[in-house]
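Notes for the structure review
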Amino acid sequence: MYFPHRNKVHFSKGRPLVFTYNESQKSKHQTKARRFHFMIIKLGIIGFGGMGKWHAQNAPRAGVEIAAVCDIAEEKQKEAIEMGYRLYTNADELLADPEVNTVILTVPNYLHKEMCIKAAKAGKNVITEKPAAMSVQELDEMEAACKEAGVFFHLAPEPALGQGYADREKSI
């Protein structure tokens, strides 16, 4: 997965750990000293349709813990309960869960911006399914919200959108 500059994902005992570097935490005596922080990804899935289920099935293979899922459709809620996931019926409840530190947005595309900004304000790292936004302006707003909140922002690549979108993704 890609995370902003100076942040990398490493694996320990098969579990992904977000490896972050905070330049502002340099030692007084060693200007090049660095402090690193590790975080196990505890994922909240917002939208439990086709891609939400796919992530629920495949993320644990990479060591990601599924902390909770959220969907407004009763049919999807029943499926989540049957699969043994903790269920929320609205995104605000999931975003308030202190156990969730990262969310993946598998809701309809036009909701990505709203959900991303809410998640950032709640202090959650954000992954969006493709396409990440309906316009470059929306993508800029999402990126700014995550940057302001100090959380990671990851967007899935969409080759069908062309080279301009890929170039934009690399710059984030």
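Residues numbered from 1 in each chain as written. Predicted model: local features only at pLDDT ≥ 70, side-chain atom pairs only at ≥ 80, totals over all residues. Heavy atoms only, no water.

The alternating pattern of strand S7 (residues 102-105) places Thr102 and Ile104 on one face and Val103 and Leu105 on the opposite face, and all of these are buried. Both strand S4 (residues 42-46) and S7 contribute to a ladder of four bridges, which runs parallel. Of the residues in S7, the one forming a bridge with leucine 43 is threonine 102. As paired elements, S7 and strand S8 (residues 125-128) share four bridges and run parallel to each other. In the sheet register, valine 103 faces S8, and the bridge partner there is valine 126. (Buried < 20%, exposed > 50% of the residue type's maximum accessible area, 1.4 Å probe, protein only. Helix = DSSP H or I, 4+ residues; strand = E, 2+ residues; numbered from the N terminus. Pairing = 2+ DSSP bridges.)

This paragraph deals with the pattern of salt bridges. Under the criterion given, the structure shown has seven salt bridges. When the shortest N-O distance is used, the salt bridge between lysine 76 and glutamate 75 registers 3.7 Å. The exposed category is assigned to glutamate 75, whose relative accessible area is 53%. One salt-bridge network, in which partners are shared between bridges, spans Arg86, Asp97 and Glu99. (Salt bridge = Lys/Arg side-chain N within 4 Å of Asp/Glu carboxyl O.)

On inspection of all chains with the given rule, the structure shows one aromatic pair. A centroid spacing of 6.0 Å and a plane angle of 70° characterise the contact between phenylalanine 48 and tyrosine 85, whose relative ring orientation is edge-to-face. Note that phenylalanine 48 is positioned in the loop between S4 and helix H1 (50-58) and tyrosine 85 in the loop between helix H2 (74-82) and strand S6 (87-88), a separation of 37 residues in sequence. What makes tyrosine 85 buried here is its relative accessible area of 18%. (Phe/Tyr/Trp six-rings, centres within 6.5 Å; stacked < 30°, edge-to-face > 60°.)

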